[in-house]
Amino acid sequence: MATENGYLGVTPPISTTESNEREKEVTETLMDELRRQNTFEGPEEARKREIVLGRVAAVVKKFVRTVSVTRGLSEAAANAAGGKIFTFGSYRLGVHGPGDDIDTLCVVPKHVSRDDFFEVFEPMLREVEGVTEVSGVPEAFVPVIKAKISGIPLDFLMARLALSSIPDDLSLKDDNLLRNLDERCVRSMNGSRVTDEILRLVPNVQVFRDSLRCIKLWARRRAIYSNVNGFLGGVAWAMLVARICQLYPKAIAGAIVSRFFIIMYQWTWPQPVLLKQIEDGPLQVRVWNPKLYPGDRAHRMPIITPAYPAMCATHNVTASTQMVMTEEFKKGADIVDKVIVGTAQWSELFAKHEFFHKYRYYLQVIASTGSAALQIKWSGTVESRIRQLVMKLEYVDSLTLAHPFTKGFEQVSHCISDDEVRAVAQGENWESINKRKEEDIEGKEGASTVHSTTFYIGLAIAPKNPSDPLPRRLDISYPTTEFTKLVKMWEKFDDGTMGIVVRHIKSSALPDYVFDEGERQPKLAQKRPKPTKGSGKSSNTSPDMPNKKRRSSNTTSDILATTPLQTTENGVGAIQPLSINPAAQSSSVYSSSVKDPTDIKSPQLPFGENVAVATSVVGAQ
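The rules behind the values
- Residues numbered from 1 in each chain as written.
- Predicted model: local features only at pLDDT ≥ 70, side-chain atom pairs only at ≥ 80, totals over all residues.
- Heavy atoms only, no water.
- Buried < 20%, exposed > 50% of the residue type's maximum accessible area, 1.4 Å probe, protein only.
- Helix = DSSP H or I, 4+ residues; strand = E, 2+ residues; numbered from the N terminus.
- Pairing = 2+ DSSP bridges.
- Phe/Tyr/Trp six-rings, centres within 6.5 Å; stacked < 30°, edge-to-face > 60°.
- Lys NZ or Arg CZ within 6 Å of the ring centre and 35° of its normal.
- Salt bridge = Lys/Arg side-chain N within 4 Å of Asp/Glu carboxyl O.
- Axes fitted to C-alpha atoms, helices over the stretch in contact; angles between N-to-C directions.
- Expected span 1.5 Å × (residues − 1).
- Polar contact = N/O pair within 3.5 Å; in protein donor to acceptor, adjacent residues only side chain to side chain.
- Arc of directions from axis to C-beta.
- Contact = heavy atoms within 4.5 Å.
- UniProt positions renumbered as here; feature names shortened; annotations may be inferred.
- Core = buried A, V, L, I, M, F, W, Y, C linked by side-chain atoms within 4.5 Å.
- Domains from an automatic or database assignment.
- Patch = residues over 30% accessible without salt bridge, like charges linked within 9 Å, V, L, I, M, F, W, Y side chains within 5 Å.
- Areas by Shrake-Rupley, 256 points an atom, 1.4 Å probe, with all protein chains shown as cover.
- Lys, Arg positive; Asp, Glu negative; His and termini not counted.
- Charge placed at Lys NZ, Arg CZ, Asp CG, Glu CD.

Engineer: I would appreciate a short explanation of the pairing of strand S5 (residues 152-160) in the present structure.
Structural biologist: Along any regular strand the residues' side chains alternate between the sheet's two faces. Burial within S5 is extensive, with 8 of its 9 residues counted as buried. In the sheet, strand S2 (residues 102-108) pairs with S5 via 7 bridges, with the strands oriented parallel. Paired with Cys106 across the bridge in S5 is Met158. Sheet analysis places strand S4 (residues 144-149) next to S5, joined by 5 bridges and oriented antiparallel. Of the residues in S5, the one forming a bridge with Lys148 is Pro153. Connecting S4 to the antiparallel partner S5 that follows it, the hairpin turn spans 2 residues, and Ser150 within it adopts a positive phi of roughly 55°.

Engineer: Sorry, what's going on with the packing of aromatic side chains here?
Structural biologist: The description of two aromatic rings rests on the distance between their centres and on the angle between their planes. Tallied over the entire structure, the rule returns 28 aromatic pairs. Arranged with centres 5.3 Å apart and planes meeting at 85°, the rings of Phe260 and Phe261 form a pair that is edge-to-face. Pair check on accessibility: Phe260 and Phe261 agree, each one buried. Ring geometry for Trp378 against Phe493: centres 5.4 Å apart, planes inclined by 40°, an arrangement best described as tilted. Here Trp378 is found in helix H13 (residues 372-393), whereas its partner Phe493 is found in the loop between helix H16 (477-488) and strand S11 (498-506), with 115 residues between them in sequence. On the basis of relative accessibility, which here comes to 0%, the residue Trp378 falls in the buried class. A network of ring pairs unites the aromatic residues Phe355, Phe356, Tyr359, Tyr362, Phe405, Phe409, Tyr456, Tyr513 and Phe515 as a single cluster. Positioned over the ring face of Tyr225 is Arg220, at 4.5 Å from the centre of the ring. For Arg286, the ring lying beneath its charged end belongs to Tyr293, and the centroid distance is 4.1 Å.

Engineer: What is the right way to read the pattern of salt bridges from this model?
Structural biologist: A side chain of one charge can pair with a side chain of the opposite charge when the charged atoms of the two come close. If you walk through the whole model with that rule in mind, you get 30 salt bridges. Salt-bridge contacts for Glu41 lead to Arg49; the nearest nitrogen and oxygen are separated by 2.6 Å. Among the salt bridges present, the one from Arg422 reaches Asp419, with a minimum N-O distance of 2.3 Å. Note that Arg422 and Asp419 are positioned in helix H14 (residues 418-425) at a spacing of 3 residues, about one turn of the helix.

Engineer: How should the sheet that holds S2 be read in this particular structure?
Structural biologist: Strand pairing in a sheet relies on backbone hydrogen bonds. The paired strands run either parallel or antiparallel. Taking strand neighbours across the sheet as the criterion, the 5 strands line up as S1-S2-S5-S4-S3 in an open arrangement whose pairing is mixed. A strand with exactly one partner marks an edge of an open sheet, and here the two such strands are strand S1 (84-88) and strand S3 (131-137). Direction aside, the axes of adjacent strands within the sheet are offset by 25° on average. With 6 bridges joining them, S3 and S4 adopt antiparallel strand pairing.

Engineer: Whenever I open this one, H16 confuses me. Can you help?
Structural biologist: Each full turn of the α-helix corresponds to 3.6 residues, which orients residues three or four apart in the same direction. With 12 residues, H16 extends 17 Å between its outermost C-alpha atoms, agreeing within 8% with the 16 Å of an ideal straight helix rising 1.5 Å per residue. Within the span of H16, buried status applies to Ser477, Pro479, Thr480, Thr481, Phe483, Thr484, Val487 and Lys488.

Engineer: Where do I start with the side chain of Glu420 in this structure?
Structural biologist: Looking at where Glu420 falls in the secondary structure, it is placed in helix H14. Taking relative accessible area as the criterion, Glu420 reaches 0% and is therefore assigned buried. In terms of polar contacts, Glu420 uses its side chain to reach the backbone amide nitrogen of Ile416, at 2.9 Å.

Engineer: Is there a simple way to think about unusual backbone geometry in this case?
Structural biologist: What you tend to see is this: most non-glycine residues have negative phi, and most peptide bonds are trans. Trp269 connects to Pro270 through a cis peptide bond whose omega is 10°. Within the secondary structure, Pro270 sits in the loop between helix H9 (253-266) and helix H10 (294-297). Between Tyr308 and the following residue, Pro309, the backbone shows a cis peptide bond with an omega angle of -5°. Checked against the element boundaries, Pro309 lands in the loop between H10 and helix H11 (319-341). One non-glycine residue with positive phi stands out, namely Asn180, at about 65°.

Engineer: It is not clear to me how helix H1 (residues 21-36) should be interpreted in this structure. Could you clarify?
Structural biologist: Taking 1.5 Å as the rise per residue, H1 with 16 residues should run 22 Å; its terminal C-alpha atoms sit 23 Å apart, in good agreement. Residues of H1 that are buried: Glu23, Val26, Thr27, Leu30, Met31, Glu33 and Leu34. Buried residues of H1, viewed axially, fall in a sector of 160°; they line one side. Exposed and oriented more than 90 degrees from the buried face of H1 are Glu21, Glu28 and Arg36. Considering only its buried residues, H1 is in contact with helix H7 (205-221), H9 and H11. Capping the start of H1 is the job of one residue whose side-chain oxygen sits 3.1 Å from the backbone nitrogen of Arg22: Asn20. A positive backbone phi angle near 60° is found at Asn38, which sits one or two residues after H1.

Engineer: Sorry, what's going on with the UniProt feature "binding site: ATP" (unreviewed entry) in the chain here?
Structural biologist: The residues that UniProt annotates with the feature "binding site: ATP" (unreviewed entry) are Phe88, Gly89, Ser90, Asp101, Ile102, Asp103, Asp155, Lys216, Tyr225, Gly234 and Val235. Following the sequence through the fold, Asp101 ends up in the loop between helix H4 (89-93) and S2. Sequence-distant contacts of Asp101, that is, excluding residues within four places in its chain, are made with Arg49, Ser90, Pro153, Leu154 and Asp155. Counting through the fold element by element, Ile102 comes out in strand S2. Judged by relative accessible area, Ile102 falls into the buried class, the value being 0%.

Engineer: I'm lost on the nonpolar core in this one. Help?
Structural biologist: Nonpolar side chains in soluble globular proteins generally cluster together in the buried interior. Counting 85 residues, the largest nonpolar core has Phe208, Trp218, Trp237 and Phe260 as the members making the most contacts within it. At the level of elements, H1, helix H6 (183-200), H7, helix H8 (234-247), H9, H11, helix H12 (355-358) and strand S9 (448-461) are the ones that each hand at least two residues to this core. Built from parts of two domains, this core gets at least three residues from each of domain 1 (21-37 + 202-353) and domain 3 (359-464 + 475-508). Dropping the residues within four chain positions of it, Trp218 is found in contact with Ile224, Trp237, Phe260, Phe261, Glu328, Phe329, Leu349 and Phe350. Val56, Val59, Val60 and Met158 belong to the second-largest nonpolar core, a separate cluster that totals 29 residues.

Engineer: Help me understand a negative patch on the surface, please; the structure alone is not making it clear to me.
Structural biologist: Taken together, Glu438, Glu439, Asp440 and Glu442 make up a surface patch of like negative charges. Secondary-structure assignment places Glu438 in the loop between helix H15 (431-434) and S9.

Engineer: What's the story with the pairing of S2 in this structure? I'm lost.
Structural biologist: Within S2, 7 of the 7 residues are buried, leaving the element largely enclosed by the surrounding structure. Every second residue of S2 is oriented toward a common face, with Ile102, Thr104, Cys106 and Val108 on one face and Asp103, Leu105 and Val107 on the other, all of them buried. Of the strand pairs in this sheet, S1 and S2 are connected by 5 bridges, and their pairing is antiparallel. The partner of Phe86 across the bridge, within S2, is Leu105.

Given below as structure tokens:
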């Protein structure tokens, strides 16, 4: 699908030279390492996926036929109404690994509604051979049904086209298919359309897949694979790799990966990454345009989807997450450069992140409820707003970085008292609770189970001015108070069943569950404090009310480092200022060199290759 200029993409290639012998050698060792890292699924699981998709395709046709009959269509018309599935995401791109889910779009004719999808199709899925889990989320931004069939996880989306029937040979490439669709259907369709367009816009699909498989593994290991937390999601990483493939159309995977890190480190953001020129289409919908929309101008690392309507896949990136990714690009470039010259192994590129060893201070955000089903929705709501907390923290004096971790840590705690419920909701990690099992509380009066999810944000603090003799106090009460107000504005928030606590802790107080076995030095388990006068007398806390009248269980000596968010009468909390001692100044891993790349030696492309070819403004018009 080369342009009229003879190349793919919005600029000419940087190089059309084929890879040299050394690059071929490192590509072979890269593929060996990816196999060692278990990134490829075996032939048996691949066959199982095909069988499952075959069953699903048949169920979709049955679903459409059933609804068609209830709408009064004849038997012949109901059979002809069709229905078709399209896969997208990592499975469609060919870079899925063992246990990865299959993103599946169900395309149906105009007389089948979204209500039918959840009221008719969802129950049908429950009857499919081998199904073990089915859960619909109709209120999601993109409504979805999650299922597991024969051990294969699937995410089902639905798009209702303005057609009376869906033929088996239907292609979604035609922009006119988007006419008269609601926004949810357009969003559902775009997943499949973007995936297919990416595959059409790379010069060598197999090289693209091998390279992307490497970058996805690296991004996950380095904890920068998460759209919701302000990093990049799967489609954004795929578009970045596709762009490097366009710039080196004859290169193989080892060379693509090497150039990927160098070019991404040197990219002149907010210059957008485009796989093709942005196109107009038949809809009255917004297309990404920073000249027209101030919100689009605010995007820090714009990576633009190639299918109409063009959208920014990276609008969640903040100053902090951009800084983290830039530093990781630099580290990746340095490692791959050593791999090329033979002084490092590919395994070093995939080393685990150091997030829980980097900072002296962390924020904990603890979401809690008394129900497993409710916890999924509440913790997801809290996680989706953490990016807003990060952006507010970025305005705090003395904070150079607010680094969110890419996943929450879930715990189920079996409590025997109100004190224990409060402790869990505040993030306390008592050994007595951790060891307790569900059967240990059965039949006990006042016992309850608390479901909690804890998210972490690392805080990098600017070095202290040597001329200032006074200790500093970092006041983050405003951003944390605003954040709790924000999450409590969720339309389904219930103060009686949902808890939200924000508190700061020292790295030494991090719980063991954030580390792999043997990753940290053994430390004394946190003991349950002795009851204080008046403890246990509150009648205003129940298993479903973990956030009512919380009291800190911290001792006076560590109150500045670990004071939790205290709930006041109006439900809004405030964090006490954090006292920063002089030792904290050396803890900031992101020094000024990250903000000023001229202070360090920048990774360079091989002689004769110029990154300015790819980042030229002319090519992005």
